[in-house]
Amino acid sequence: MRAYQKNQISFEENHLHSTYSDGFNSLEEIFNYNNTHDKLNLIITDHVNQDTLWFDKYVDEIRLLRKKYRDFEAKIGCEVKVLDIKGNLNTAEKILRSAEVVVGSVHYFEGYKTLSAEHFLQQEIKLSEALIGSGKIDILGHPFGMSASLHKLSPSLKNIKHIYALCVKNKIKFEYND
């Protein structure tokens, strides 16, 4: 996927959900909208887990749409949550092999409701480190997002730099959400 062109920056959408998971638009609607507007390169990254049965159909549909819409690139991706501090992911290996891009995210984890805000943040950091070290993801999805949404807690610049440096070292994109 091109990231830059001579004298011009090309933007891309790296984390986009369709109605296959919790998005509001079908794949066809996403491709059509993008084709008539920005023509950004896309990575469609619907949520998957151990029980996902639709991924083969999803892959086939994206491949068909890529043939129809040729003015931008669209990669087959998935978003998967980390299960534990060993970096185990909540999806099947077959899905990981079929995806061209894997977004790894910290979502809900054991004991999250009972932890203090600071302990929550520390657990989110440990799980992010495990995701980065797993060797199975391409993008770290919404880092520190759980701490921000559940505890209104902003990580320190030191913590952000630490996780970002691990991403750079491991050639993983660090998703920035504002």
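What you see is a predicted model, and the numbers here were worked out from it, not measured in a lab.

J.: What should I look at first to understand the overall build of the chain in this one?
T.: A count of helical and extended segments in the chain gives 6 helices and 8 strands. Element order for the chain, N to C, with α for helix and β for strand: β-β-β-α-β-α-β-α-β-α-β-α-α-β. On the principal axes, the C-alpha backbone points of the chain span a range of 50 × 45 × 25 Å. Out of the 178 residues belonging to the chain, those deemed buried represent 40%. Accessible area for the chain stands at about 10500 Å²; split by element, carbon and sulfur atoms hold 51% of it. Looking at the chain, you have 23 positive and 24 negative side-chain charges, and the mean spots of the two groups are 5 Å apart.

J.: Explanation requested: the packing of aromatic side chains in the structure shown.
T.: The relative placement of two aromatic rings is captured by the distance of their centres and the angle of their planes. Counted according to the given criterion, the structure contains 12 aromatic pairs. Here the aromatic rings of Phe31 and Phe72 are separated by 5.8 Å at their centres, their planes lie at 45°, and the arrangement is tilted. Here Phe72 lies in the loop between helix 2 (55–68) and strand 5 (74–81) and Phe31 lies in helix 1 (residues 27–36), a separation of 41 residues in the sequence. A network of ring pairs unites the aromatic residues Tyr20, Trp54, Phe55 and Tyr58 as a single cluster.

J.: Is there a simple way to explain the nonpolar core in this structure?
T.: Most often, soluble globular proteins have nonpolar side chains that are buried together. Judged by nonpolar contacts, the single largest core of 39 residues is most densely connected at Phe31, Ile44, Phe55, Tyr58 and Leu140. Ranked by residue count, the leading element in this core is helix 4 (residues 117–133), at 6 residues. With sequence-adjacent residues up to four places away left out, Tyr58 is seen in contact with Ser18, Tyr20, Leu27, Ile44, Thr45, Asp46, Ile76 and Gly77.

J.: Before we go on, may I ask you to explain the layout of surface pockets in this structure?
T.: Over the atoms, a rolling probe the size of a water molecule traces out where space has been left empty. There is about 340 Å³ of room inside the largest pocket. Lining the largest pocket we find 17 residues, and of these Pro143, Phe144, Gly145, Ala148 and Asn177 sit closest to its centre. Considering every element that reaches the lining of the largest pocket, the biggest residue donor is helix 5 (residues 145–151), with 4 residues. Taken together, the residues that form the lining of the largest pocket break down as 9 nonpolar, 5 polar and 3 charged.

J.: Help me out: how do you make sense of the side chain of His15 in this one?
T.: Within the secondary structure layout, His15 lies in strand 3 (residues 12–16). The exposure class of His15 is buried, given its relative accessible area of 14%. Polar side-chain contacts of His15 include one of 3.3 Å to the side chain of His17. At 2.7 Å, the side chain of His15 forms a polar contact with the side chain of Glu79. When residues no more than four places from it in sequence are discounted, the contact partners of His15 are Ile43, Thr45, Glu79, Val103, Gly141, His142 and Glu175.

J.: I would appreciate a short explanation of the pairing of strand 3 in the present structure.
T.: Where strand 3 and strand 4 (residues 41–47) come together, 3 bridges link them in parallel fashion. The partner of Glu13 across the bridge, within strand 4, is Leu42. Crossover strand 3 to strand 4 through helix 1 is right-handed.

J.: How should I be thinking about the pattern of salt bridges in this particular structure?
T.: Any two side chains of opposite charge can pair, so long as their charged atoms come close to each other. Under the criterion given, the structure shown has 4 salt bridges. Here Asp56 ties to Lys94 by a salt bridge, and the two come within 2.8 Å at their closest N and O atoms. Here Asp56 is found in helix 2, whereas its partner Lys94 is found in helix 3 (residues 93–98), with 38 residues between them in sequence. Its relative accessible area of 44% is what places Lys94 among the partly exposed residues. Its salt-bridge partner being Lys136, residue Glu93 comes within 2.9 Å of it at the nearest N-O pair. Here Lys136 lies in the loop between helix 4 and strand 7 (139–141) and Glu93 lies in helix 3, a separation of 43 residues in the sequence.

Definitions and limits used
- Starting afresh in each chain, residues are numbered from 1 along the sequence in its written order.
- Side-chain atom pairs in this predicted model are given and counted only at pLDDT of 80 or more, local residue features only at pLDDT of at least 70, and totals for whole chains, interfaces and linings cover all residues.
- Calculated side-chain values reflect all of the structure's heavy atoms, with hydrogen atoms and water omitted.
- Strands are runs of DSSP state E lasting at least two residues, helices are runs of H or I lasting at least four, and both sets are numbered from the N terminus onward.
- A simple rule labels every residue: compare its accessible area, found with a 1.4 Å probe on the protein chains alone, to the largest value its type can have, and call it buried under 20%, exposed over 50%, or partly exposed in between.
- Per-residue and other accessible areas were derived by the Shrake-Rupley procedure at a 1.4 Å probe size, with only the shown protein chains allowed to occlude residues.
- Positive residues here are Lys and Arg, negative ones are Asp and Glu, while His and the chain termini are left out of the count.
- Every charge is mapped to an atom, namely NZ of Lys, CZ of Arg, CG of Asp or CD of Glu.
- Aromatic rings from Phe, Tyr and Trp, with only the six-membered ring used for Trp, were paired whenever their centres fell within 6.5 Å, and each pair was classed as stacked if the ring planes differed by under 30 degrees, edge-to-face if by over 60, and tilted otherwise.
- We call a set of buried Ala, Val, Leu, Ile, Met, Phe, Trp, Tyr and Cys residues a nonpolar core when their side-chain atoms join them within 4.5 Å.
- Only heavy atoms matter for contacts: two residues are in contact if any of them lie within 4.5 Å across the pair.
- Here a cavity denotes grid points, spaced 1 Å and computed from the protein atoms alone, that fit a 1.4 Å probe unable to get out, and a pocket denotes an open set having protein on both sides within 12 Å along at least 5 of 7 lines; residues with an atom within 4 Å of a point are the lining.
- Grid points are joined across faces, edges and corners, and a volume is the space filled by probe spheres set on the points.
- Each residue receives one of three labels: charged for Asp, Glu, Lys and Arg, nonpolar for Ala, Val, Leu, Ile, Met, Phe, Trp, Tyr, Cys and Pro, and polar for the others, Gly being one of them.
- Here a polar contact is recorded for every N or O atom pair within 3.5 Å, except that within protein the pair must consist of a potential hydrogen donor and a potential acceptor, and residues adjacent in sequence are included only if both atoms are side-chain atoms.
- Strand pairing requires that DSSP identify at least two bridges connecting the strands.
- Here, the term right-handed applies to a crossover whose path from the first strand over the helix to the second runs clockwise when the strands point away from the viewer.
- In the sections that follow, a salt bridge refers to a side-chain nitrogen of Lys or Arg positioned within 4 Å of a carboxyl oxygen of Asp or Glu.

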